[in-house]
Amino acid sequence: MFVIRQVATEDVTTLLKLARMVHFINLPPDRDIIASKVVRSRKSFGRQATEPRERNFMFVLEDLDTGNVIGTSAIISCVSWPGHPHVYLDVTRREFWSDDLQQGATQVVLTLGEDVSGPSEMGGLILAPGYRGHAEKLGGFLSMVRFHYMGLHKRQFSKRVIAEMMGAITPDSHNLFWDYLGRRFINLSYKEADLFCQHSKEFMTALFPREPFYASLLPAEARNLIGRESDETRPARRMLERQGFEYKGHIDPFDGGPYLEVARDKIPLVTATQKCSLTGELTGTGKSVGIVSHESDIGFRAVRTTFTHRGDGIRIPAAAMDAIHAVKGSKLGVTALPDRSGTKSGTKSGTAAGTIAKPASKSKTASKSKPASKSKTGSKSGSRSKSTK
């Protein structure tokens, strides 16, 4: 059985090994940086991080049969604030026309932008190679648990959520987009620049030109990376798009990978998450499948399990109860997940998809959350420019 729990100090060495397996945006293979993130995460789960900018929630996936940590994912509560901007390249298009030649051209334009509005970010995830393609879809579990936790603790996160899709990296840790653009202004390799960003991004705003840059001046192999995620990242993008994330024309200035974004309260898994009481052990076959979590003195723990729901309570198998250290009467977090037919488990006719249906006598009209206000970040270049989608 597998359980996702909050990271612990003793996980640092394993996380370092995982970080060395792949290039990981939010978790570089540096022991000191990883240890620092673990400390921040422990304070965040322990409600000791009072400022949003201090919160960083790290989850680890543990194989209970072996006791090994085999994966990780994270949520960063606030990625920017005044004096510490989120830096991106705004991708727009400019149209040109010649009356004499009776022909025109459309040019892709890149402009450095800054966002200090403080969106939350879905930190990337790592799953050990030996567990990829597992029947229990562990990569999806690691990804979805972040939305489950966000649904339980909405106030800990911004009303706007972004996700960085990693661009294509060569086997020797190079990126052609950076080599042909960023390195012309900043004398650091892609790996060096990416690592330095863990400490500060001031060098980007200080050394990178503010003027619009025409992408046609780049070699084709670099232009082709604009707004494109790596092959390994494509499944993660599809999953995020199913949760409402969209590309709004912002890319990472380092590798050219796209930034996706969504309003927190429009994420299906966030809105589907609710709290229930554990009424006892499930002895038969559960009618629904979902993520069930428990928060206690030993921290946050979650499993993907079958369950049955009645009234305001649920029943889960004994093994799941043991895995999350829950007993009868414990308050649990519950998110029903889609079944194979594409519908949400735990739903009944007339109820919202992904929510646990309640008896008609107890149902209440759900209030609609207001859409998150759009943050205006960076000026668009040219009155005739259009954002690429």
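Before reading further, recall that the structure is shown in the block above.
Report follows, based on the coordinates. (Residues numbered from 1 in each chain as written. Predicted model: local features only at pLDDT ≥ 70, side-chain atom pairs only at ≥ 80, totals over all residues. Heavy atoms only, no water.)

Details of the overall build of the protein
The helix and strand inventory of the protein stands at 10 helices and 16 strands. Across the 389 residues of the protein, 51% fall into the buried class. When contacts within the protein are restricted to residue pairs at least 6 apart in sequence, those whose partners lie at least 24 apart make up 69%. (Helix = DSSP H or I, 4+ residues; strand = E, 2+ residues; numbered from the N terminus. Buried < 20%, exposed > 50% of the residue type's maximum accessible area, 1.4 Å probe, protein only. Contact = heavy atoms within 4.5 Å.)

Topic: the environment of Val 22
Along the polypeptide, Val 22 turns up in the loop between helix 1 (12-21) and helix 2 (31-45). Taking the C-alpha atoms as reference, Val 22 lies 9.8 Å from Pro 129; in sequence the two are 107 residues apart. When near neighbours in sequence (up to four residues on either side) are disregarded, Val 22 contacts Ile 126 and Arg 132.

With respect to the pairing of strand 4 (residues 86-98)
Pairing between strand 4 and strand 5 (residues 103-115): 13 bridges, direction antiparallel. Within strand 5, the residue paired with Ser 98 across the bridge is Gln 103. Counting the residues that bridge the hairpin from strand 4 to strand 5 gives four residues, and of these Gln 102 lies at a positive phi of roughly 55°. The sheet contact formed by strand 4 and strand 9 (residues 246-251) spans two bridges and is antiparallel. (Pairing = 2+ DSSP bridges.)

A short note on the environment of Arg 184
The residue Arg 184 is located in the loop between helix 4 (176-180) and helix 5 (190-196) in this model. Measuring from C-alpha to C-alpha, the distance between Arg 184 and Phe 208 comes to 9.2 Å, with 24 residues separating the pair along the chain.

Some thoughts on the packing of helix 1 against helix 2
Where helix 1 contacts helix 2, the two axes come as close as 10 Å, and the packing angle between them is 125°. Judged on the interaxial angle alone, helix 2 and helix 1 are oblique. In terms of crossing hand, the pair formed by helix 1 and helix 2 is right-handed. Residues Val 12, Thr 13, Leu 15, Leu 16 and Ala 19 of helix 1 form the contact with helix 2, whose participating residues are Arg 31, Ile 34, Ala 35 and Val 38. By residue class, the composition of the contact of helix 1 with helix 2 is seven nonpolar, one polar and one charged. (Axes fitted to C-alpha atoms, helices over the stretch in contact; angles between N-to-C directions. Parallel < 35°, antiparallel > 145°, perpendicular 65-115°, else oblique. Left-handed = near helix turned anticlockwise from the far one by under 90°. Nonpolar A, V, L, I, M, F, W, Y, C, P; charged D, E, K, R; others polar.)

Description of the nonpolar core
Among the nonpolar cores identified, the biggest contains 73 residues, and Leu 15, Phe 59, Leu 61, Phe 147, Phe 177 and Phe 245 are the most heavily contacted of them. Here the element with the most residues in this core is helix 3 (residues 138-152); it accounts for eight residues. Apart from the residues within four sequence positions on either side, Phe 245 is in contact with Met 122, Phe 147, Val 161, Ile 162, Ala 163, Leu 240, Leu 260, Glu 261, Val 262 and Ile 267. If you look at the next biggest cluster of nonpolar residues, it comprises 16 residues, including Cys 276, Phe 307, Met 321 and Leu 332. (Core = buried A, V, L, I, M, F, W, Y, C linked by side-chain atoms within 4.5 Å.)

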